[in-house]
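# Fold and contact review
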Amino acid sequence: MEMKKRISLELRNRTPVEVAELVVDNCRSSDGEVEGLTDDFKELEFLSMVNVGLTSLAKLPSLPKLRKLELSDNNISGGLETLSEKCPNLTYLNLSGNKIKELSTVEALQHLKNLKSLDLFNCEITTLEEYRESIFELLPQVMYLDGFDAEDNEAPDSEADDDDEDEDGEEGGGPLGDYDDEDEDDEGSEGGEVGLSYATKGGLPDDDDEDDYVDEEEEEGGEEEAEVHGEKRKRDAEDEGEDDDDD
């Protein structure tokens, strides 16, 4: 697919000024030049043109907010001064797999004062004696070359750092409140279960128990009354017997 057409598709009904990131990897530049990009992409911060057949950056438009530029696996051999003119705020530049051979070619990047990370993997320049020392001396603003600093410490993964911050933010947010609510619900439900269990085991009298208690009292009262009546009838019979004897 041609670069112009690919860029048009990547817009996705947006205007160029609304685009902050643009990836057009593996499309084709018809003449080795940047095609389809204009000065209207002034809000662009990340641009990736990997393996698109570029041989020159001469037609790169002015991208004042561009911070990260991916140009690996192309055929660029020079003309890097264009980057200083068109993308003055670059912090990351990947030129891996290009045709860069000499230190003098890279010298043009001295004017990129904000450049912190530079990748030149698989470029012929990496075979030069004391390549790393020479680059760090030539470009003192660069902190990381091919993923490592001058003391061979690996560069941090900025994307992983961003993910960690997002996770920390999620962990420190609302779930704490939800956790408290769950505790209160648990305590309430446990209290309810204890009360129910206590009542079920006989700790609390229920209505049936009270009725049974009343029935028992009534039965006891009836028995006592029957006994009284029985004793009275017995006494009456005895009295009658005594009267007969007297006669």
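### Notes on the side chain of Gln141
Inspection of the secondary structure assignment puts Gln141 in the loop between helix H4 (131–138) and strand S6 (144–145). Looking at Gln141, its side chain comes within polar contact range of the main-chain oxygen of Leu112, at 2.9 Å. When near neighbours in sequence (up to four residues on either side) are disregarded, Gln141 contacts Leu109, Gln110, Leu112, Lys113, Leu115 and Lys116.

### Let's talk about the environment of Tyr92
When you line up the elements, Tyr92 lands in strand S4 (residues 92–94). A relative accessible area of 18% means that Tyr92 is categorised as buried. Not counting residues within four places of it along the chain, the set of residues in contact with Tyr92 comprises Arg67, Lys68, Leu69, Glu70, Leu115, Ser117 and Asp119. Within polar-contact distance, the side chain of Tyr92 engages the side chain of Asp119 at 3.1 Å.

### Quick word on the confidence of the model for the chain
A residue-level look at the chain finds 64% of positions with pLDDT of 70 or above and a mean pLDDT of 78. The low-confidence segment residues 159–166 (pLDDT under 50) makes 1 contact with residues lying over four places distant or belonging to another chain. Counting contacts from residues 168–207, a segment whose pLDDT is below 50, to residues more than four positions away or on other chains yields 4 contacts.

### Some remarks on unusual backbone geometry
Trans peptide bonds make up most of the peptide bonds, and negative phi angles are found at most residues other than glycine. Residues other than glycine seldom take positive phi values, yet Arg12 does so here, at roughly 50 degrees. One can find Arg12 in the loop between helix H1 (3–11) and strand S1 (21–23). Residue Arg12 is classed as exposed on the basis of its relative accessible area, which comes to 60%. Despite not being glycine, Asp146 has its phi angle at roughly 55 degrees, a positive value. Tracing the backbone shows Asp146 in the loop between S6 and helix H5 (158–171).

### Side note on H1
If you check which residues of H1 are buried, you get Met3, Arg6, Ile7, Glu10 and Leu11. Down the axis of H1, the buried set is contained in an arc of 145 degrees. They therefore lie on one face. Exposed positions of H1 whose direction lies more than 90 degrees from the buried face are Lys4 and Lys5. The inward-facing, buried residues of H1 abut S1. One or two steps after H1, the chain reaches Arg12, where phi turns positive at roughly 50 degrees.

Cut-offs applied
- Residues numbered from 1 in each chain as written.
- Predicted model: local features only at pLDDT ≥ 70, side-chain atom pairs only at ≥ 80, totals over all residues.
- Heavy atoms only, no water.
- Helix = DSSP H or I, 4+ residues; strand = E, 2+ residues; numbered from the N terminus.
- Polar contact = N/O pair within 3.5 Å; in protein donor to acceptor, adjacent residues only side chain to side chain.
- Contact = heavy atoms within 4.5 Å.
- Buried < 20%, exposed > 50% of the residue type's maximum accessible area, 1.4 Å probe, protein only.
- pLDDT = per-residue confidence, 0-100.
- Arc of directions from axis to C-beta.

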